[in-house]
Amino acid sequence: MATTGWSPQPLVFLLCFFSISLIVALGQREFTSALVSLSNVTDQFTLLSFKSLVSKDPYNVLSNWNSNISFCNWNGVSCSRGSQRVVALNLSKKALEGTLSPYISNLSFLQVLDLSNNSFHGQLLIDFSRLPLLENLSITKNNFEGLIPATLSHCHRLQVLSAIENEFYGNIPEFLGSLLELKHINLYGNRLTGTIPLTFANLSKLERLNIGKNHMNGNIPPELGSMTSLTFFNVEENNLTGTLPESMFNLSALEFLSFMTNQLTGQLPKDAGRFLPNLQLLCTGTNNFDGPLPASLSNATRLQLLSAESIKFSGPIPLELGSLSQLRTLSLWENMLTNVPGRREISILTSFTNCRLLEEVQLSQNLLNGILPTSIGNLTTSLWKLSLSSNQIEGTIPLALTNLTNINNLTRLQRLDLSSNNLSSTLPPGVCELKDLWELYLQDNSFTGHLPLGLGNFAKMINMDISANKLSGELPASLSKLQMLEYLNLSRNTFEGHIPEQLDHMVNIEAIDLSHNKLSGEIPKSLEKLQHIQVLDLSFNRLEGEIPSGGKFANLSVESFLGNYALCGAPKFHVPLCLDKIERQSKSNAVRVIAACAIGGSALSVMSLFAHSLVSHAIERGEFGMAGRVSAKADVYSYGILLLEVFTRRKPTDEQFGGDFRLRQWVAEAFPVAISDVIDSHLLDESNNTSTERSAARNELLMNIMEIGLSCSRESPNERMEMKEVVAGLRRIRQKT
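Residues numbered from 1 in each chain as written. Predicted model: local features only at pLDDT ≥ 70, side-chain atom pairs only at ≥ 80, totals over all residues. Heavy atoms only, no water.

### Points about the sheet that holds strand 10 (residues 167–171)
Keep this limit in mind: The criterion for strand pairing is that DSSP finds at least two bridges linking the strands in question. Under the scheme used here, helices are H or I runs from DSSP no shorter than 4 residues and strands are E runs no shorter than 2 residues, and both carry numbers assigned from the N terminus. Orientation is described by lines fitted to C-alpha atoms, with helices fitted over the stretch in contact, and by angles between N-to-C directions that extend from 0 to 180 degrees.
Here we have six strands laid out as an open sheet, ordered 1-4-6-8-10-12, and mixed in their pairing. In the strand order of this sheet, the two ends are held by strand 1 (54–56) and strand 12 (191–193), each with one partner. Shown here is a sheet whose adjacent strand axes are inclined to one another by a mean of 15°, direction ignored. In this sheet, strand 6 (residues 119–123) lies alongside strand 4 (residues 97–99) in parallel orientation, the contact comprising three bridges.

Below, the structure written as structure tokens:
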């Protein structure tokens, strides 16, 4: 019969038999030394049992686990000096994979078992009652599952229990509170449920309690305030309810305190920071707290991080926080915090100029009102992130913010977010001197004027959004220097002129939004060179000409070009096919017509000439459509707009047209009673000897032509004239001339 794997069970029988034999053969005096040798054999075979269940060893860590050398010299194994028994097995960060042998229980002298940062899986089937000397059990970042073994209750010397990021479930055992030597309990990132054991209050030596990111419920027991040695307390990302016990804020040894992302209610104690002189990190965010942010937090003089975002804190931000000289990160976004009453400037920003180590300030989504103080330019050079979006800030961006002649300035600023406020005036050119900026968000304000010409200084810029303002003028060619840029949004302004040809130099760009502006001219064909572009929104401008078809344009949809009524290109963009040679000739004829009228020619004779050209053109268009190269209905639409454009001497991209008001609507509103109000005045000029009869004939012809133009350009394709009907109508007009 084929064997399925090596089993140590026969060995146990042999070892027992060998022990009895030794007693008989050697006598009691020599048995002790023989037993030591036998125990060494037990440890060796236990380790080999461990190795047999390791299915992957990519670094060959266990390659020297063989009989050629003493097991005490095997990788990761430590033995006691006298008895040569295994006291530590440390194989952390070796990328080992497999299950854990239950025969680890035979290592009765084991003090340290560290298998952290590997890929062991399955249940922890060790009988810990046979490991009475165990002090450190570290199995962090594996895939162990099941309940926390009840036999751990026998490990009365246990000091460290670390099982972070595994798949353990069930309740945290009450018996852990009886292991009085425990200093570290790290069970973060499992699937544990139930409540926090009250027995933890017995652990007077406990320094770290980390049970965050589980599924714990219930409240935080006030009794935990008796753990006077506690330096690290983390219960974040659970389902805890109730209020915060004030006793937790009396633990003067605390350095790290996190309750964030639970369902806790109530207020922070008024004296929250008074008895926490060693506190360095306080995380309370994403709960249901309310009330003021306690000014007493300023007594926690070693505080480096204060995180209280996404809560319901209200009232002024205490100016006393500016005395926290060690503060590096302040995150108070999404609250209802306000400025100090009666202050015009946002005072807390001035207060923070005393925090010389400050790196991040996040005050977005509050109720801060007032103007940015000039002192903002004195914020520390270590500041890399300043977020003040979605408040009620008004006024201008202070010149001091970008005045790099100051000794203290924001030269290392990487992210600046002032979006969704009431800021106005022009963008200071000095903002372009913040050369380390990666992200700039100024959208949804009321900035006016032109974009600064120095935008090209943002050599490190990745995301830039200045949309929904009142900016105007042309897009500067210096945008092309932003070669690291991935996202650009300048939509919903009043930019005009052409899209710069050089934008193809933005080699990393993935998204460009220039929609809802007044940009005109053609879409640069050079944009076909953009290899990473995924979003290009040019909708609702006054662009004309052919939509490029190469490069990533093949992946774009009709939404990218909506609201540009003079574009042409592929049918998938729902625009007319671009002008062919015959259309260009017709345009040329139209110019000749208007020019002839301008120098005093007979309008009827000129229209006769042009009507003949229109008939020829219509016939050609009909044949073109019938050839199947483009939709006939789209062809008719294009032709109708051409008629309206020629006889009104207006272009669909003229300034008077925009939004829902188009050239066709303008003509339709005047037809038929006031049609002379929209006809090109050159076609209506009359000499003194023009007869009434001749004038009436002219007006009838113009009326007929405009009627055809309106019929061809109806919104619904099914309501448009057929091209053969257009030809017949134009022939009748020609015969009348």
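### Focus on the side chain of Asn-166
Put simply, the rule is: When accessible area is computed with a 1.4 Å probe and restricted to protein chains, residues below 20% of their type maximum are described as buried, those above 50% as exposed, and intermediate ones as partly exposed. Contacts described as polar in this section are N or O atom pairs within 3.5 Å, which, within protein, must combine one atom able to donate a hydrogen with one able to accept it, while residues neighboring in sequence count only if both atoms come from side chains. The criterion used for residue contact is that any of the two residues' heavy atoms lie within 4.5 Å.
With respect to the helices and strands, the residue Asn-166 is situated in the loop between strand 9 (160–162) and strand 10. Relative accessible area serves as the criterion here: at 2%, Asn-166 is assigned to the buried category. Within the local environment of Asn-166, its side chain forms a polar contact with the backbone oxygen of Ile-164, the two atoms lying 3.3 Å apart. Not counting the four nearest positions on each side in its chain, Asn-166 is found in contact with Ile-139, Thr-140, Lys-141, Asn-142, Asn-143, Phe-144, Gly-189 and Asn-190.

### With respect to the packing of aromatic side chains
Short version of the rule: Here the aromatic set is Phe, Tyr and Trp, taking the six-membered ring for Trp, and pairing holds for ring centres within 6.5 Å; pairs whose planes are under 30 degrees apart are stacked, those over 60 apart are edge-to-face, and all others are tilted. Any Lys NZ or Arg CZ found within 6 Å of a ring centre and within 35 degrees of that ring's normal is scored as a charge over the ring.
On inspection of all chains with the given rule, the structure shows 13 aromatic pairs. Residues Trp-65 and Trp-74 carry aromatic rings whose centres are separated by 5.3 Å and whose planes lie at 25° to one another, so their mutual orientation is stacked. Looking at Trp-65, the relative accessible area reads 1%, which means it is buried. For the cation-ring pair, Arg-208 lies above Phe-232, with the distance from its terminal atom to the ring centre recorded as 3.9 Å.

### Regarding the environment of Thr-286
Looking at where Thr-286 falls in the secondary structure, it is placed in the loop between strand 17 (281–283) and strand 18 (288–291). In this structure the C-alpha to C-alpha distance between Thr-286 and Lys-312, which are 26 residues apart in sequence, comes to 9.2 Å. Setting aside residues up to four positions removed in sequence, Thr-286 forms contacts with Met-260, Thr-261, Asn-262, Glu-309, Ser-310 and Ile-311.

### Topic: the sheet that holds strand 20 (residues 312–316)
Strands sit in the order 16-18-20-22 across an open sheet of four strands; the sheet is parallel. Edge positions in the sheet fall to strand 16 (265–266) and strand 22 (336–338), since each has one partner strand and no second. Pairing geometry for strand 18 and strand 20, over two bridges, is parallel. Within the sheet, the bridge partner assigned to Gly-291 lies in strand 20 and is Phe-313.

### Points about the pairing of strand 20
Examined bridge by bridge, strand 20 and strand 22 share three bridges and lie parallel to one another. Within the sheet, the bridge partner assigned to Gly-315 lies in strand 22 and is Leu-337.

### Quick word on the packing of helix 9 (residues 692–712) against helix 10 (residues 723–736)
Which entries qualify depends on this criterion: If an angle is under 35 degrees, it is roughly parallel; if it is over 145, roughly antiparallel; if it lies from 65 to 115, roughly perpendicular; otherwise it is oblique. Nonpolar residues are Ala, Val, Leu, Ile, Met, Phe, Trp, Tyr, Cys and Pro. Charged residues are Asp, Glu, Lys and Arg, and all others, Gly as well, are polar.
Their axes nearest at 10 Å, the elements helix 9 and helix 10 cross at an angle of 170°. On the basis of the axis angle, helix 9 is roughly antiparallel to helix 10. Contact with helix 9, carried on its side by Glu-700, Leu-701, Asn-704, Ile-705, Ile-708 and Cys-712, involves Val-726, Gly-729, Leu-730, Ile-733 and Lys-736 of helix 10 and no other residues of that element. Along the lines of polarity and charge, the residues of the contact of helix 9 with helix 10 split into seven nonpolar, two polar and two charged.

### So, unusual backbone geometry
Here the bond from Phe-671 into Pro-672 is cis, since omega is 0°, no more than 30 degrees from zero. Relative to the elements of secondary structure, Pro-672 occurs in the loop between helix 7 (663–670) and helix 8 (681–684). The phi dihedral of Lys-213 falls on the positive side, at around 55°, and the residue is not glycine. As for its position among the elements, Lys-213 is in the loop between strand 13 (208–210) and strand 14 (232–234).

### Here we look at the pattern of salt bridges
Keep this limit in mind: When a carboxyl oxygen of Asp or Glu is within 4 Å of a side-chain nitrogen of Lys or Arg, the pair counts as a salt bridge.
The final tally for this structure, using the stated rule, is 13 salt bridges. Residues Asp-271 and Arg-274 are paired through a salt bridge, measuring 4.0 Å at the closest nitrogen-oxygen approach. Note on Asp-271: relative accessible area 37%, which makes it partly exposed. One salt bridge connects Lys-525 with Glu-528, and the closest N-O pair in it is separated by 3.1 Å. The exposure class of Lys-525 is exposed, given its relative accessible area of 54%. The exposure class assigned to Glu-528 is buried, which follows from its relative accessible area of 16%.

From the geometry alone we can't say anything about function, so treat these as descriptive.
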